[in-house]
Amino acid sequence: MFHRKMMQNVHLAPEADEDDLYSGYNDYNPTFDTEDLENDVAFQQAARTSHGRRPPVTAKIPGTSASRPLATGFGSKATLTSSMGRPMTGAIQDGVARPMTAVHAAGYTKAAMRGSSFDPLGQARGPAPPLEMKNSDSSEEKIRQLEKKVNELVEESCIANSCGDLKLALEKAKEAGRKERVLVRQREQIATPENINLDLTYSVLFNLASQYAANEMYAEALNTYQVIVKNKMFSNGGRLKVNMGNIYLKQRNYSKAIKFYRMALDQVPSVHKEMRIKIMQNIGIAFIKTGQYVDAISSFEHIMSMSPNLKAGFNLIVCYFAIGNSEQMKKAFQKLIAVPLEVDYDDKYISPNDDPHTNLLIEAIKNDSLRQIERERKSMAEDYIMTAAKLIAPVIETSFAVGYDWCVEVVKASHYVELANDLEINKATTYLRQQDFNQALETLKMFEKKDSRVKSAAATNLSFLYYLENELAQATNYADLAVNSDRYNPAALTNKGNTVFANGDYEKAAEFYKEALRNDSSCTEALYNLGLSYKKLNRIDEALDCFLKLHAILRNSAQVLHQIASIYEIMEDPNQAIEWLLQLISVVPTDPHVLSKLGKLYDNEGDKSQAFHYYYESYRYFPSNIEVIEWLGAYYIDTQFCEKAIEYFERAALILPTQVKWQLMVASCYRRSGNYQKALEKYKVIHRKFPENVECLRFLVRLCTDMGLKEVQEYVTKLKKVEKLKEIREQRIKSGRDGSARSRREGNAAGGKGQRNSGGTKGERLSAKLKGLPGTSEPYESSGNKEIDASYIDPLGPQAERPKTAARKRTEEDDFADEELGEDLLPE
């Protein structure tokens with residue numbers, strides 16, 4: 001009752017604000033009301049019976065509300081008992097606070113109310129226990145590490161392949177395959193087969209097959225691809241039949257390549273249009289390889305109807321050209337022209353105003369990678385169109401010119417308008433190949449009124465044509481026109497330099513070549529000609545620098561290598577010259593001039609064996625070089641192999657039949673080798689061809705004398721006549737010189753008369769003098785041998801010991817005469 005009175009005196013404040021922070025604190029739950037417990041029959045019965053006997057409660061229910069504790073979170077509450085005799089929630093039993101609910105709050109218990117410190121994060125419990133160490137010996141950990149190693153090997157293999165080290169890539173791929181098989185076996189031992197990593201197996205096998213193919217081990221690659229394709233667990237393995245078809249194509253097994261391409265095409269879904277188009281293109285190319293142009297046409301026509309591209313269009317033209325269908329060639333050419341390039345044209349890169357931000361942006365994208373791709377695509381399209389036009393122009397119409405005109409008109413009507421002029425210039429070039437220079441000149445002269453770029457190109461070609469025809473005046477005029485039309489055309493500047501070079505002004509020519517190089521540093525013609533100009537000006541170091549730079553650009557140019565070797569030879573550095581010539585013969589191994597040059601350098605260095613090797617190689621490729629023949633013959637004479645020298649001198653005699661020198665060398669080789677009979681026969685043949693040759697008659701006299709032949713008197717008589725005739729001729733020449741000197745002193749009239757008095761043909765003079773010589777019946781004295789021997793030089797030096805004949809005995813006078821024979825008259 002007191003409690004009720006007290007509550008009556010309490011007046012709650014009105015709820016002036018709905019967002020009162022303390023609202024709800026005075027709400028009262030009637031369940032916890034203990035006021036009527038004494039009148040509660042069930043509660044009293046439970047308290048009196050054994051049902052209500054529970055451990056004693058330490059706290060009593062307060063009689064008044066004054067002693068009732070506040071129900072706040074930080075204050076203590078009195079223990080309440082329910083009607084069943086059990087303590088209420090939050091009662092304290094045996095000194096242990098019972099939680100409010102079944103879920104224990106983290107870091108908060110009733111013990112906190114009894115003096116324990118507030119520690120919601122549990123810091124008082126100390127540091128967390130250390131993590132458990134992984135057991136590296138466990139099977140799962142071993143499998144995990146092995147799988148990681150396999151992935152690393154596959155990556156290393158791919159990186160090695162991209163770097164060009166194909167052998168290392170294959171080794172890594174093989175090692176990855178071995179480790180992957182070990183991994184599969186270990187997984188099968190500790191787990192079900194469903195847990196095998198199929199993606200890893202697929203990547204390992206695919207990489208191994210790719211590396212086999214890259215190393216041209218096609219059989220192994222095909223076997224590995226078959227393992228993937230036949231395994232039904234690999235869902236996309238069928239697409240790899242494209243790779244197998246590529247391998248068969250490389251092996252030129254075109255039927256199998258087509259078969260695998262078609263199998264791959266069946267397994268590629270229709271949504272993958274781009275891949276299907278590429279496979280169709282491969283099928284068409286394989287049909288072209290087998291000569292089945294009709295089947296190839298069907299493939300390329302399908303491509304051009306579904307997704308037209310430049311390669312398919314060009315191949316379609318080639319197929320129609322192969323079967324000779326001119327009308328279809330025209331249609332295919334029009335389809336090729338209509339293929340969209342999907343590139344931005346140059347108008348995009350021209351600034352419409354002077355906005356610096358826009359200009360900076362355009363400058364940044366003008367030469368970026370995307371712009372370079374666009375240029376490459378456009379250049380490729382132009383190459384295809386130009387090649388196709390040159391291919392079909394001669395066959396689509398009645399004549400080449402009409403066909404080319406049709407192509408030019410079609411190109412002018414497309415967005416490749418700039419190509420029309422290039423086609424016209426190519427038309428002129430084709431005329432040149434057909435040796436129709438007049439038509440070429442007329443075609444090129446049509447461009448004189450075109451724009452500057454085309455005019456410059458045409459004038460450059462005209463200048464080149466006139467230069468080849470050695471019409472330097474016309475070549476100079478058109479070179480000037482080309483330069484004036486386009487000052488930055490390197491070809492025009494090079495042609496202008498060529499005309500100046502031909503006129504001998506090497507300094508000015510060098511200036512034009514330098515300007516051409518400033519406009520285009522990759523103009524190899526200008527750089528080569530600049531080196532030649534410096535070489536003519538004797539500026540050897542600068543010439544060498546030019547050719548070395550050119551060698552860095554054109555590694556296998558025979559002309560450049562020859563010029564470098566020539567400059568080192570001028571610089572008197574034979575070792576370097578030999579080094580560069582050896583590089584040159586690796587490029588042109590059959591060039592006889594280079595081989596003979598190497599032989600000459602080795603000969604100058606004293607290396608006869610190497611010199612002989614290269615001279616002999618030069619002779620094998622070009623057996624008509626007199627210098628090489630001469631050196632080889634002299635080499636065999638020096639090494640005492642006169643029989644082998646005969647072959648080379650006979651070759652020289654065939655090449656130069658009017659020169660007696662080579663036939664005398666052949667006869668001397670016979671005589672030197674001891675074959676006197678052959679030597680005598682050869683001398684007789686020479687005498688019949690060259691009856692006035694004194695050396696031949698002297699050898700005939702000597703051989704006939706030594707062999708005791710009766711013809712000796714005949715040859716002695718002829719020798720005397722020829723010597724006498726030679727004397728008279730020399731006197732006549734001397735008197736003629738004296739007479740001409742006197743005629744110059746006395747006047748033109750007296751000189752003319754003297755010339756008339758000494759006139760007459762050579763045959764008349766020879767016949768007149770032969771009549772005055774002694775007859776052939778005059779005796780020949782043996783004592784005249786010394787005079788004969790002393791008056792000539794033996795071409796091959798001292799003779800071998802001659803056999804003694806029965807005609808007469810050898811005397812000391814003969815031995816003395818043999819010693820007087822001169823040295824060999826070796827070729828220069």
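The following paragraphs examine the structure supplied in this document. Worth saying up front: this structure is predicted, and the values here are computed from it rather than measured.

Each helix and strand counted, the protein chain has 37 helices and two strands in total. Taken over 828 residues, the protein chain has a buried fraction of 36%. Taking contacts inside the protein chain between residues at least 6 apart in sequence as the whole, the part at least 24 apart equals 52%.

Bringing the packing of aromatic side chains into the picture now. Applying the stated criterion across every chain, the model contains 20 aromatic pairs. On the numbers, 5.5 Å between centres and 75° between planes, the contact of Tyr-528 with Phe-547 is edge-to-face. Here the residue Tyr-528 occupies a position in helix 22 (residues 524-536), and Phe-547 occupies one in helix 23 (residues 540-553), the gap between them amounting to 19 residues. Each member of the pair Tyr-528 and Phe-547 is classed as buried. Taken together, the ring pairs in this structure connect Phe-612, Tyr-615, Tyr-616, Tyr-619, Trp-631, Tyr-635, Tyr-636 and Tyr-648 into an aromatic cluster. Sitting over the ring of Trp-406, Lys-330 keeps its end group 5.5 Å from the ring centre. Positioned above the aromatic ring of Phe-641 is the side chain of Lys-644, whose terminal nitrogen or guanidinium carbon lies 5.4 Å from the ring centre.

A word on the nonpolar core. Among the nonpolar cores identified, the biggest contains 99 residues, and Phe-649, Tyr-683 and Ile-686 are the most heavily contacted of them. With 74 residues, the next largest nonpolar core counts Ala-213, Ile-247, Tyr-261 and Val-408 among its residues.

For the rest of this paragraph, the subject is the environment of Val-318. Here Val-318 shows up in helix 11 (residues 310-323). Here the alpha-carbon distance between Val-318 and Met-329, two residues eleven residues apart in the chain, equals 8.3 Å.

This brings us to the packing of helix 3 (residues 139-162) against helix 4 (residues 166-190). Where helix 3 meets helix 4, the closest approach of the two axes is 8 Å, and the angle between their N-to-C directions is 160°. As the angle between them shows, helix 3 and helix 4 are arranged roughly antiparallel. Crossing of helix 3 over helix 4 shows left-handed handedness. Of the residues in the contact of helix 3 with helix 4, the class split is 14 nonpolar, four polar and nine charged.

Once that is clear, we can look at helix 27 (residues 608-621). Between its first and last C-alpha, helix 27 extends 20 Å over 14 residues, near the 20 Å set by a 1.5 Å rise per residue. Those residues of helix 27 that fall on the buried side of the exposure criterion are Ala-611, Tyr-614, Tyr-615, Glu-617, Ser-618 and Tyr-619.

Attention shifts here to the pattern of salt bridges. Enumeration according to the criterion identifies 21 salt bridges in this entry. Where Arg-487 meets Glu-515, a salt bridge forms, and the shortest distance between an N and an O atom there is 2.9 Å. With Arg-487 in the loop between helix 19 (472-485) and helix 20 (490-502) and Glu-515 in helix 21 (residues 506-519), this residue pair connects regions lying 28 residues apart in the sequence. Residue class for Arg-487 comes out partly exposed when judged on its relative accessible area of 39%. Residue Asp-603 is joined to Lys-608 by a salt bridge in which the shortest nitrogen-to-oxygen separation is 2.6 Å. Of the residues examined, Lys-608 reaches a relative accessible area of 41% and is grouped as partly exposed. Residues joined in a network through salt bridges with shared partners are Glu-507, Arg-539 and Glu-542.

So, on to unusual backbone geometry. Although it is not a glycine, Asn-470 adopts a positive phi angle of roughly 65°. Tracing the chain through its elements places Asn-470 in the loop between helix 18 (452-468) and helix 19. Positioned with a positive phi, Asn-538 is a non-glycine residue whose angle comes to about 65°. Residue Asn-538 is classed as exposed on the basis of its relative accessible area of 58%.

In this section: the packing of helix 11 against helix 14 (residues 369-396). Packing of helix 11 against helix 14 leaves a shortest axis separation of 10 Å and a crossing angle of 10°. In terms of axis orientation, helix 11 runs roughly parallel to helix 14. Along its contact with helix 11, which presents Leu-310, Lys-311, Phe-314, Ile-317, Val-318 and Phe-321, the element helix 14 presents Arg-377, Met-380, Ala-381, Tyr-384, Thr-387, Ala-388, Leu-391, Ile-392 and Val-395. Looking at the contact of helix 11 with helix 14 residue by residue, the class counts come to twelve nonpolar, one polar and two charged.

On the surface, Phe-464, Tyr-467 and Leu-468 cluster together into a nonpolar patch covering about 290 Å² of accessible area. Summarising the element assignment, Phe-464 is placed in helix 18.

Each value, and the rule that gives it
- Residues numbered from 1 in each chain as written.
- Predicted model: local features only at pLDDT ≥ 70, side-chain atom pairs only at ≥ 80, totals over all residues.
- Heavy atoms only, no water.
- Helix = DSSP H or I, 4+ residues; strand = E, 2+ residues; numbered from the N terminus.
- Buried < 20%, exposed > 50% of the residue type's maximum accessible area, 1.4 Å probe, protein only.
- Contact = heavy atoms within 4.5 Å.
- Phe/Tyr/Trp six-rings, centres within 6.5 Å; stacked < 30°, edge-to-face > 60°.
- Lys NZ or Arg CZ within 6 Å of the ring centre and 35° of its normal.
- Core = buried A, V, L, I, M, F, W, Y, C linked by side-chain atoms within 4.5 Å.
- Axes fitted to C-alpha atoms, helices over the stretch in contact; angles between N-to-C directions.
- Parallel < 35°, antiparallel > 145°, perpendicular 65-115°, else oblique.
- Left-handed = near helix turned anticlockwise from the far one by under 90°.
- Nonpolar A, V, L, I, M, F, W, Y, C, P; charged D, E, K, R; others polar.
- Expected span 1.5 Å × (residues − 1).
- Salt bridge = Lys/Arg side-chain N within 4 Å of Asp/Glu carboxyl O.
- Patch = residues over 30% accessible without salt bridge, like charges linked within 9 Å, V, L, I, M, F, W, Y side chains within 5 Å.
- Areas by Shrake-Rupley, 256 points an atom, 1.4 Å probe, with all protein chains shown as cover.

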